[in-house]
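So the chains spell out like this:
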Amino acid sequence: MALEMRDRCERCETAELPLDAPARICSYECTFCMACSEAMRDICPNCGGELVPRPRRR
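Right, let's walk through the structure included here. (Residues numbered from 1 in each chain as written. Predicted model: local features only at pLDDT ≥ 70, side-chain atom pairs only at ≥ 80, totals over all residues. Heavy atoms only, no water.)

Note: most residues except glycine have negative phi, and most peptide bonds are trans. Positive phi values are uncommon outside glycine, yet Glu29 reaches one of about 70°. Within the secondary structure, Glu29 is located in the loop between strand 1 (24-25) and strand 2 (31-32). The exposure class assigned to Glu29 is buried, which follows from its relative accessible area of 17%. You will see that Arg41, though not glycine, has its phi angle at about 55°, which is positive. Within the fold, Arg41 resides in the loop between helix 1 (34-39) and strand 3 (52-53). (Helix = DSSP H or I, 4+ residues; strand = E, 2+ residues; numbered from the N terminus. Buried < 20%, exposed > 50% of the residue type's maximum accessible area, 1.4 Å probe, protein only.)

To continue, consider the nonpolar core. In terms of nonpolar packing, the biggest core is built from 12 residues, these being Cys9, Ala15, Leu17, Ala23, Cys26, Cys30, Phe32, Cys33, Cys36, Met40, Cys44 and Leu51. Setting aside anything within four residues of it in sequence, one finds Cys26 in contact with Cys44, Cys47, Glu50 and Leu51. (Core = buried A, V, L, I, M, F, W, Y, C linked by side-chain atoms within 4.5 Å. Contact = heavy atoms within 4.5 Å.)

Applying the stated criterion across every chain, the model contains 4 salt bridges. Between Arg6 and Glu10 there is a salt bridge, and its shortest N-O distance comes to 2.6 Å. Here Glu10 falls in the partly exposed class, since its relative accessible area comes to 29%. Here Asp42 and Arg24 are joined by a salt bridge, their closest N and O atoms 3.8 Å apart. On the criterion of sequence distance, the pair formed by Asp42 in the loop between helix 1 and strand 3 and Arg24 in strand 1 is long-range, its members being 18 residues apart. Assessed through its relative accessible area of 18%, Arg24 is described here as buried. Bridged by salt links that share partners, the residues Glu4, Arg6 and Glu10 form one connected network. (Salt bridge = Lys/Arg side-chain N within 4 Å of Asp/Glu carboxyl O.)

Printed below as a string of structure tokens:
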């Protein structure tokens, strides 16, 4: 089972997040741009889980 690599921030919805862009995800694959993640102190607003760096695909 592979991660769903979403291409938009779930908070601001305007940030394009290409597969090689830095982003943060939680264990449910909620995806946020770096600016939004920092504003939320790396806590997912959907599940309360920790936001960690999203792995990058080549």
